[in-house]
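# Tertiary structure, described
For reference, the chains in residue letters:
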Amino acid sequence: MARVDVGKDHGIVRVRYYWYGWQDDVLIAQEDTTATGSIIAPVPLIGLPENAPSFGGSLPVPQDGIGPMRLMAVAEISRGRLGTRSVFDEILMNVEPKAALVAIDFETDKPLQLGRAGQSSAFGHVDSLGKIFELPVVGDFTDGITRRISSPETGTKYESSSPKVIKVLPNGLLQIAGNGKTVLTVTNRGKQAQLDVDVSVNKEPNEPPVADAGADKTVKAGSKVTLTGLKSRDPEGEALYYSWSQIRGSKIPLLDANNSEASFLAPQVSEPRTYRFKLRVTDKKGADSLPAFVDVTVEP
């Protein structure tokens, strides 16, 4: 059952509720910062004043949900002739399916070959030493639902038979460490799956770049906010490709998301709200960084 504490907000017209993974890019897409445009994410509940409780009601948990998930409420507030504006709030919840896990598997080609001939040499599209990547893992449950369980937060653990070929990093990420063959083993809830991996990449040494999304900051509503990745670096001094995305808070139009510095206009809020952004950088040889995060708290 979902409820809303209206707090300092008056003139609420309706409240939309959304589920999304705690590290997923924000699913809500809006035409502009007023949030009056079309919202394309699934809406499991629209709360209205006449609901019991007001603006709340029965809220189904996503059938394929598992692990940490965010529940976000976005309220539309009337401004009379000026239309509406929006405010949001969200909480983090852990979703555990009642059904038992039957089997797990890697959702990729088998065997997996990295460094195959004919790959593009463009940014991020070539397998090379130092490249960091994710392999999707799915689980079949007794309720007939297939759930994505790639994240360690869902209980998944990874192991490489040869860390000199594929190294296991935090957060379920993998890194190409050298040429050769290895077997990746994934386990979850007593189930296990294996994947043969054959790596044949350019032997030129390459250390992955390091992303730096800058320090957390607090800003005022209506101000221009600049996210800076200028302190990101590549050990070999290569030029970097930048990719910014938003993973917390109602969707904000982000300008220059593929530049070293991205920016947005801080939205109007009734109470302090935190927005989180993720930065990944890639060097010319295709090696990716671990993600870096920065929180921006917007105050009224």
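Anything mentioned here points back to the structure above.
The sections below set out a description of the structure shown in this document. Computed from a predicted model, the values in this text were never measured in an experiment.

## Details of the overall build of the chain
Scanning the chain from N- to C-terminus turns up 0 helices and 20 strands. Taking all 300 residues of the chain together, the buried fraction comes to 46%. Of the contacts made within the chain by residues no fewer than 6 positions apart, 66% connect residues no fewer than 24 positions apart.

## Description of the pattern of salt bridges
Summed over the entire model, instances satisfying the criterion amount to 12 salt bridges. With its nearest N and O atoms 3.6 Å apart, the salt bridge here joins Asp105 to Lys110. Residue Asp105 is classed as partly exposed on the basis of its relative accessible area of 33%. Where salt bridges share partners, they join Arg14, Arg16 and Glu76 into one cluster.

## Section: the nonpolar core
Ranked by internal contacts, the top residues of the largest apolar core, which has 26 residues, are Trp244, Phe277 and Val296. Elements with a contribution of two residues or more to this core: β1 (12-21), β3 (67-78), β16 (224-228), β17 (240-248), β18 (261-265), β19 (273-283) and β20 (292-299). Setting aside chain neighbours within four positions, we find Phe277 in contact with Leu227, Trp244, Ser245, Gln246, Ile252, Leu254, Phe264, Ala292, Phe293, Val294 and Val296. By size, the runner-up hydrophobic cluster in this structure holds 25 residues, among which are Leu135, Phe141, Leu174 and Val186.

## Topic: the sheet that holds β1
The 4 strands lie next to each other as β2-β1-β3-β4, forming an open sheet whose pairing is antiparallel. Every interior strand has two partners, whereas the edge strands, β2 (45-47) and β4 (84-95), have only one. Between one strand and the next, the sheet's axes are offset by a mean angle of 20°, whatever the strand orientation. Across 9 bridges, the pairing between β1 and β3 is antiparallel. Bridge pairing in β3 links Trp19 to Leu71.

## A look at the side chain of Thr185
Its location among the elements puts Thr185 in strand β13 (residues 180-188). For Thr185, a relative accessible area of 13% puts it in the buried group. A polar contact of 3.2 Å, which involves the side chain of Thr185, links it to the side chain of Gln194. The contact partners of Thr185, leaving out residues within four places of it in the chain, are Lys157, Tyr158, Glu159, Gln192, Ala193 and Gln194.

## Looking at the side chain of Ser263
Assignment of secondary structure puts Ser263 in strand β18. By relative accessible area, Ser263 is classed as buried at 7%. Those residues in contact with Ser263 that lie beyond four places of it in its chain are Lys224, Val225, Thr226, Pro253, Leu254 and Leu255.

## A few points about unusual backbone geometry
For the bond from Ala52 to Pro53, the omega torsion is 0°, close enough to zero to count as cis. Look at the link from Lys110 to Pro111: it is a cis peptide, with omega at -10°. Position of Pro111 relative to the elements: it lies in the loop between β5 (101-106) and β6 (112-114). Positive phi is not limited to glycine here, since Phe55 has a value of about 60°. Of note, Phe55 is situated in the loop between β2 and β3.

## Structural notes on the packing of aromatic side chains
On inspection of all chains with the given rule, the structure shows 2 aromatic pairs. Measuring from ring centre to ring centre gives 5.1 Å for Phe88 and Tyr275, while their planes differ by 65°; the resulting arrangement is edge-to-face. Remark: Tyr275 occurs in strand β19 and Phe88 occurs in strand β4; sequence separation between them is 187 residues. For the residue pair Phe88 and Tyr275, the accessibility class agrees, reading buried in each case.

## Some points on the environment of Thr108
Note on placement: Thr108 falls in the loop between β5 and β6. Distance from Thr108 to Leu135, taken between C-alpha atoms, is 7.2 Å for residues 27 residues apart in sequence. Not counting the four nearest positions on each side in its chain, Thr108 is found in contact with Leu135 and Leu195.

Conventions we followed
Residues numbered from 1 in each chain as written. Predicted model: local features only at pLDDT ≥ 70, side-chain atom pairs only at ≥ 80, totals over all residues. Heavy atoms only, no water. Helix = DSSP H or I, 4+ residues; strand = E, 2+ residues; numbered from the N terminus. Buried < 20%, exposed > 50% of the residue type's maximum accessible area, 1.4 Å probe, protein only. Contact = heavy atoms within 4.5 Å. Salt bridge = Lys/Arg side-chain N within 4 Å of Asp/Glu carboxyl O. Core = buried A, V, L, I, M, F, W, Y, C linked by side-chain atoms within 4.5 Å. Pairing = 2+ DSSP bridges. Axes fitted to C-alpha atoms, helices over the stretch in contact; angles between N-to-C directions. Polar contact = N/O pair within 3.5 Å; in protein donor to acceptor, adjacent residues only side chain to side chain. Phe/Tyr/Trp six-rings, centres within 6.5 Å; stacked < 30°, edge-to-face > 60°.

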